[in-house]
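The residues making up each chain are set out below.
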Amino acid sequence: MAIGVGLLGLGTVGAGVAAILTSPEGRHPLVGALDLKKVAVRDPGRVRPVSLPAEVITTDPEAVVDDPAVEIVVEVMGGLEPARSLILRAIAAGKPVVTANKSVIARHGEEIAAAAAERGVYVLIEAAVGGGIPIIEPLKQSLGGNRIQRVSGIINGTTNYILSRMADEGAAYGAVLADAQRLGYAEADPAADVEGHDAADKIAILAGLAYGGPVPRAAIPTEGIDRLEARDVAYAAQLGFVVKLLAVAQRIGDPDDAGVQALDVRVHPTLLPVDHPLAGVNGVNNAILVEGDPVGRVMFYGPGAGAGPTASAVVADILNIAGIRQVGGPQAGLDPLLAASSWRRCALVEGALTSHRNYVRFRTHDQPGVIGQIGTAFGSAGVSIQSIVQLECDGGAAEIVVITHDVQEARFREALAAIEAHPEVLTVAASLRTL
Ligand SMILES: NC(=O)c1ccc[n+]([C@@H]2O[C@H](COP(=O)([O-])OP(=O)(O)OC[C@H]3O[C@@H](n4cnc5c(N)ncnc54)[C@H](OP(=O)(O)O)[C@@H]3O)[C@@H](O)[C@H]2O)c1
C-alpha cells in the first residue's frame with residue numbers, strides 16, 4: 001500500500017530526501033511504498049539536483065499540507081514562519097510530521113508536542129540535531145533505561161571546521177571564516193553558527209529528551225567562537241588541550257520536592273584534554289557523548305550536515321511513521337517513547353552557581369614576581385590552581401596562563417575582578433572553560 005508524502009522545501013535537505021524516495025532500489029522495502037505526492041518550493045524555475053514531474057511542484061506550501069493524497073508532511077524549508085504554522089496545520093489535519101527544523105523545535109517544541117499529543121499524531125525530529133547521526137531516537141528509546149548524567153557534544157559543523165583549521169594552521173579566526181565561506185562550509189551570514197545559537201537550539205532539544213522535560217531555550221547561556229584568538233588555541237595546544245565549541249547539558253543533583261530537575265545547560269568554547277573522546281572530532285564532523293547510569297559513556301559520531309546525511313535521518317523518521325501505518329496506524333494511542341512525551345519538569349540553574357575548570361590568560365607587566373602575586377590572589381579567593389605558566393612576553397608585557405581546578409563561577413569571577421585590579425595586571429585577555 002503506497003503512502004503519500006508531501007515535502008515542504010526542495011533545497012539541500014529536501015532534494016536529498018527526494019533523491020532517496022525516487023531511488024528505492026537496495027534500500028528497505030518500505031522506501032518503495034513512499035510516494036512523493038507534492039513538493040512546495042519558492043522558485044519553481046530553479047534548477048535542482050533531482051528532477052520531479054512538474055505537476056508535483058507548487059509554490060503554495062498549504063496546498064501540500066491540505067492535499068488529501070499527502071499522508072505524511074515533511075518540513076524541510078527552515079525558518080520559524082511559515083514553518084511553525086504549517087507544522088501545526090498538518091497536525092490539526094491529523095497528519096504526522098517529520099521536520100529537520102531545530103529553530104522551530106527548540107522554540108516552539110512544547111506547543112507542537114502538545115498539539116500532536118492532543119491530535120494523536122507523531123512529530124519526529126531525528127534530522128534536527130547531528131544531521132546524519134542517529135541521536136534523537138537513541139535518547140528517546142535505546143537509552144531510556146538510564147539516568148542521564150551529562151550530554152555533551154560538538155554539534156555545529158561550521159565552527160568545528162573553523163576551530164580545526166585554527167588549531168592545525170595557527171590561523172586567525174577571521175581568515176579561516178572567510179575561507180570557510182568561500183568553500184561553502186559557512187553561510188554568508190554566519191552569526192547563527194559562530195555565535196553559538198545553532199548549537200544552543202540543538203542542546204535545548206537534546207536536553208529536553210535526555211531529562212524528560214522542555215528546557216527554556218532563551219535562558220541557555222551561549223557564547224560563540226567569534227572572539228576566540230589564535231594565540232589561545234595555540235597556548236591550549238602547548239598545555240595539552242584542544243579548543244572546541246561544546247554544547248553541554250548536565251543534571252545537577254536529584255529532582256527537588258516538586259519533582260523539578262535542575263540542569264546546567266550551556267554552549268561555549270571549551271578546552272578539552274587531548275585524550276578526551278570529543279577532542280579528536282575534527283572538520284565538519286559532529287559527535288555527541290552521552291553519559292548515563294548504568295550504560296557509562298556512549299559516543300555518537302558522524303556527518304553533522306549535508307544533503308545525504310540529513311536526508312538519511314529524515315527518511316528514517318518517515319519510515320518509522322510508515323511502518324506504524326502499515327500495521328494499521330496508532331489506533332491504540334501514541335507510543336510514549338517514539339512520541340517523546342515529557343514526564344518531568346526541568347529548570348536551568350543560575351550560571352553563577354555552577355562549577356567549572358577555567359583557562360585564563362592575563363596580560364601583565366613583565367616584572368619578576370607577577371606569577372606569584374596572581375597565584376596568591378587566586379589562593380586567597382579560594383580558587384585552587386592546577387597550573388600557572390608564563391608563555392610569552394613582548395614589549396615589556398607578559399602573557400600568563402592559569403588553569404584552575406573546579407570552582408564555582410561566582411567565586412571565580414570575584415577572584416578575576418580582584419586580580420584585574422592589581423597594578424601589574426594589564427588585562428584579563430581571555431577566559432575559557434576547561435573540561
Ligand atoms: N542543510 C543541512 O545540512 C541541514 C542539516 C540539518 C538540518 N537542516 C535543517 O533543514 C531545514 C532545511 O535546510 P536546507 O539547508 O535544505 O535549506 P535550503 O537549502 O535553504 O532549502 C529550503 C527550501 O525550502 C523552500 N522554501 C523556503 N521557504 C519557502 C516558502 N515560504 N514557500 C515554499 N517553499 C519555501 C526553498 O525553496 P527554493 O528552493 O525555491 O528557494 C527551498 O527549496 C532547515 O530547518 C535546516 O536547519 C539542514
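Keep in mind the model is a prediction, meaning the values are calculated, not measured. (Residues numbered from 1 in each chain as written. Predicted model: local features only at pLDDT ≥ 70, side-chain atom pairs only at ≥ 80, totals over all residues.)

Draft legend 1. Spotlight on the overall build of the chain. In terms of helices and strands, the chain carries 15 helices and 17 strands. For 435 residues, the compact-globule estimate of 2.2 N^0.38 gives 22 Å, and the chain sits close to it at 24 Å. Relative to its full complement of 435 residues, the chain shows a buried share of 42%. Once local pairs closer than 6 in sequence are excluded, the contacts in the chain between residues at least 24 apart make up 74%. (Helix = DSSP H or I, 4+ residues; strand = E, 2+ residues; numbered from the N terminus. Rg over C-alpha atoms; globule rule 2.2 N^0.38 Å. Buried ≥ 20, exposed ≤ 12 C-beta atoms within 10 Å, placed from the backbone. Contact = placed C-beta atoms within 7 Å.)

Draft legend 2. Just the nonpolar core, in detail. Within the largest apolar cluster, 122 residues are counted, with the highest numbers of intra-cluster contacts made by Val 74, Ile 203, Ala 207, Val 314 and Ile 318. The element contributing the most residues to this core is helix 10 (residues 197-211), with ten residues. (Core = buried A, V, L, I, M, F, W, Y, C linked by C-beta atoms within 7 Å.)

Draft legend 3. Spotlight on the environment of Val 274. Here Val 274 is to be found in the loop between strand 9 (260-273) and strand 10 (285-293). Among all residues touching Val 274, those that are not within four sequence positions of it are Gly 240, Phe 241, Val 242 and Ala 279.

Draft legend 4. Representation of the domain arrangement of the chain within the structure. Domain boundaries in the chain define domain 1 (3-132 + 307-343), domain 2 (138-303) and domain 3 (352-434). For domain 1 versus domain 2, the separation of C-alpha centres amounts to 27 Å. Between domain 1 and domain 2, the residue contacts involve 19 residues of the former and 20 residues of the latter. Secondary structure elements with two or more residues in the side of domain 1 that touches domain 2: helix 5 (102-119) and helix 13 (336-339). By residue number, the principal contributor to the side of domain 1 that touches domain 2 is helix 5, which donates seven residues. (Domains from an automatic or database assignment.)

Draft legend 5. Seen up close, the site of the ligand. Lining the immediate surroundings of the ligand are 24 residues, of which Gly 9, Gly 11, Gly 78, Ala 100 and Ala 305 lie closest. With three residues, helix 1 (residues 12-21) is the single largest residue contributor to the shell around the ligand. Residue classes in the shell around the ligand are distributed as eleven nonpolar, nine polar and four charged. (Near = placed C-beta within 6 Å. Nonpolar A, V, L, I, M, F, W, Y, C, P; charged D, E, K, R; others polar.)

Draft legend 6. Examining helix 8 (residues 173-183) more closely. All of the buried residues in helix 8 are Val 176, Leu 177 and Ala 180. All buried residues of helix 8 fall inside an arc of 105 degrees around its axis, so they share one side. In helix 8, the exposed residues that point more than 90 degrees away from the buried face are Gly 174 and Arg 182. On its buried face, helix 8 is in contact with helix 7 (157-169) and helix 9 (191-194). Downstream of helix 8 by a residue or two, Gly 184 has a phi angle that is positive, lying close to 85 degrees. (Arc of directions from axis to C-beta.)

Draft legend 7. View of helix 5. Here helix 5 contains 18 residues, and its C-alpha end-to-end distance of 22 Å is more than 12% below the 26 Å for a straight helix at 1.5 Å per residue. Of all the bends in helix 5, the greatest, near 85 degrees, is centred on His 108. Considered for burial, the residues of helix 5 that qualify are Lys 102, Val 104, Ile 105, Ala 106, His 108, Gly 109, Ile 112 and Ala 116. A positive backbone phi angle near 75 degrees is found at Gly 120, which sits one or two residues after helix 5. (Expected span 1.5 Å × (residues − 1). Bend = angle between axes of the 7 residues up to and from the residue.)

Draft legend 8. Highlighting the environment of Met 299. Among the secondary structure elements, Met 299 is positioned in strand 11 (residues 296-303). The exposure class assigned to Met 299 is partly exposed, which follows from the 14 C-beta atoms found within 10 Å. Taking the C-alpha atoms as reference points, Met 299 and Ala 347, separated by 48 residues in sequence, lie 26 Å from one another. Among all residues touching Met 299, those that are not within four sequence positions of it are Pro 277, Ala 287 and Leu 289.

Draft legend 9. Expanded view of the packing of helix 1 against helix 12 (residues 307-326). Close contact between helix 1 and helix 12 brings their axes to 8 Å; oriented N to C, the two are set at 65 degrees. The element helix 1 and its partner helix 12 pack so that their crossing is right-handed. Where helix 1 abuts helix 12, its residues Thr 12, Val 13, Ala 15, Gly 16, Val 17, Ala 19 and Ile 20 lie against Ala 307, Gly 308, Thr 310, Ala 311, Val 314 and Val 315. By residue class, the composition of the contact of helix 1 with helix 12 is nine nonpolar, four polar and no charged. (Axes fitted to C-alpha atoms, helices over the stretch in contact; angles between N-to-C directions. Left-handed = near helix turned anticlockwise from the far one by under 90°.)

Draft legend 10. Spotlight on the pairing of strand 13 (residues 355-365). In terms of strand pairing, strand 13 meets strand 16 (residues 407-408) through two bridges, oriented antiparallel. What sits directly across from His 356, in strand 16, is Val 407. Both strand 13 and strand 17 (residues 425-434) contribute to a ladder of eight bridges, which runs antiparallel. Bridge pairing in strand 17 places Arg 357 opposite Thr 434. (Pairing = 2+ DSSP bridges.)

Draft legend 11. Structural detail: the packing of helix 7 against helix 8. Look at helix 7 against helix 8: their axes get within 9 Å of each other, and the N-to-C directions meet at 125 degrees. Our classification of the angle between helix 7 and helix 8 gives oblique. Between helix 7 and helix 8 the crossing geometry is right-handed. Contacts from Thr 158, Tyr 161, Ile 162, Arg 165 and Met 166 of helix 7 reach helix 8 at Tyr 173, Val 176, Leu 177 and Ala 180. Tallied by class, residues from the contact of helix 7 with helix 8 come to seven nonpolar, one polar and one charged. (Parallel < 35°, antiparallel > 145°, perpendicular 65-115°, else oblique.)

Draft legend 12. Just unusual backbone geometry, in detail. Along the chain, Glu 81 connects to Pro 82 via a cis peptide bond; the corresponding omega equals 10 degrees. Relative to the assigned elements, Pro 82 resides in the loop between strand 4 (72-75) and helix 4 (83-92). For the bond from Asp 293 to Pro 294, the omega torsion is 20 degrees, close enough to zero to count as cis. Examined against the element boundaries, Pro 294 turns out to sit in the loop between strand 10 and strand 11. Despite not being glycine, Ala 340 shows a phi value in the positive range, around 55 degrees. The residue Ala 340 is located in the loop between helix 13 and strand 12 (345-348) in this model. Look at Ala 340 and you get buried, because 25 C-beta atoms sit within 10 Å.

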